Amino acid sequence: MEKHELSKSTFIRGVQCLKSLYLNKKRPFLRDKLSPEQLAIFRRGHKVGSLAQKLFPGGVDLGARSPAQYRKVLDLTQQIIKNNAYDILYEAGFQFDRLLVFLDILVRENGSWHAYEVKSSYKISNTFLLDAAFQYYVITNSGLPLEDFYIVYASEDLVYEKLDEYDNLEPLFIRENVLDRILPLQDFIKEQIIREKETLLLDKSPEIPMGPHCYDPYPCDFIGHCTRQAQRK
Ligand code: SF4
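Residues numbered from 1 in each chain as written. Predicted model: local features only at pLDDT ≥ 70, side-chain atom pairs only at ≥ 80, totals over all residues.

In an α-helix, one turn spans 3.6 residues; hence positions three or four apart end up facing the same way. With 16 residues, helix 5 (residues 126-141) should cover 22 Å at 1.5 Å per step; its first-to-last C-alpha distance of 22 Å lies within 8% of that length. The complete set of buried residues in helix 5 reads Phe128, Leu130, Asp131, Ala132, Ala133, Phe134, Gln135, Tyr136, Tyr137, Val138 and Ile139. Taken from the residues just after helix 5, Gly143 is the one with a positive phi, measuring 120 degrees. (Helix = DSSP H or I, 4+ residues; strand = E, 2+ residues; numbered from the N terminus. Expected span 1.5 Å × (residues − 1). Buried ≥ 20, exposed ≤ 12 C-beta atoms within 10 Å, placed from the backbone.)

Spelled out as structure tokens, the structure:
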């Protein structure tokens, strides 16, 4: 399989900071350790994602358990779509121009494909829209037209601590159509991909001073490294 350069998480990392993108790919050993709070947020995200699949029952789960399975998932996704084998796919994989995405839920309705991305959050942020826009870019350019793109997020009735206790998930998640907000972002996505790929070709990390962007939208995991670097100057 052609080795991918950017996934949706590395793409979003690059939007936040090109130095973080570079370090993550070339110097991953410099990363700070994850805090217990960050680990808890990741676990919650995974749990919400798998629970939200129950909103679209009867699908096939293609979730890759390791990078070694990516090729298999990409091929299976193509076969299933081509053969109309299932109308609902969880974690379907798509690749285009060395960009790789796995979509939470893909649904065929009335002969056309609808994408659903699930977020463990009570609202849609600009970062979620960029994430969806990147996925839309990769999926449609890989050859699958998408009729619509939805972000699925938690309603205020959802209490994360009670996730295991709910019988009916329907009222706990909101499905919001974001296609009209991600289409105007497609030019930005294309240009940002070029910037990020160029950054990954550098032979040392770009000189980017620390600032508010180190915490927005997420606390960067190279804060320790960049702080030590700044102190040495
Ligand atoms: S700590 Fe700040 S400057 Fe350093 S890589 Fe992260 S976001 Fe970039």
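Having seen the model, we can carry on.
Our next topic: the site of the ligand. Taken together, the residues surrounding the ligand are Cys17, Lys19, Ser20, Leu23, Ile208, Met210, His213, Cys214, Cys220, Phe222, Ile223 and Cys226. Its residues assigned to classes, the shell around the ligand shows 9 nonpolar, 2 polar and 1 charged. (Near = placed C-beta within 6 Å. Nonpolar A, V, L, I, M, F, W, Y, C, P; charged D, E, K, R; others polar.)

In terms of burial, strand 5 (residues 112-119) is a largely internal element, 6 of the 8 residues being buried. Bridging between strand 4 (residues 99-109) and strand 5 involves 5 bridges; their strand directions are antiparallel. Bridged to Val107 within strand 5 is His114. Where strand 4 folds back onto strand 5 in an antiparallel hairpin, the turn is made up of 2 residues, including Asn110, whose phi is positive at roughly 50 degrees. Here strand 5 runs beside strand 6 (residues 146-154); their pairing, made up of 7 bridges, is parallel. Bridging across to strand 6, Val118 finds its partner in Val152. (Pairing = 2+ DSSP bridges.)

Burial analysis of strand 3 (residues 88-96) places 7 of its 9 residues in the buried class, which makes it a mostly covered element. Across 2 bridges, strand 2 (residues 60-61) lies against strand 3 in parallel orientation. By the bridge assignment, Val60 is partnered in strand 3 with Leu89. As a crossover connection, the stretch from strand 2 through helix 4 (residues 70-83) into strand 3 is right-handed. Summarising the sheet, strand 3 and strand 4 pair through 8 bridges and their orientation is antiparallel. (Right-handed = clockwise from strand over helix to strand, strands pointing away.)

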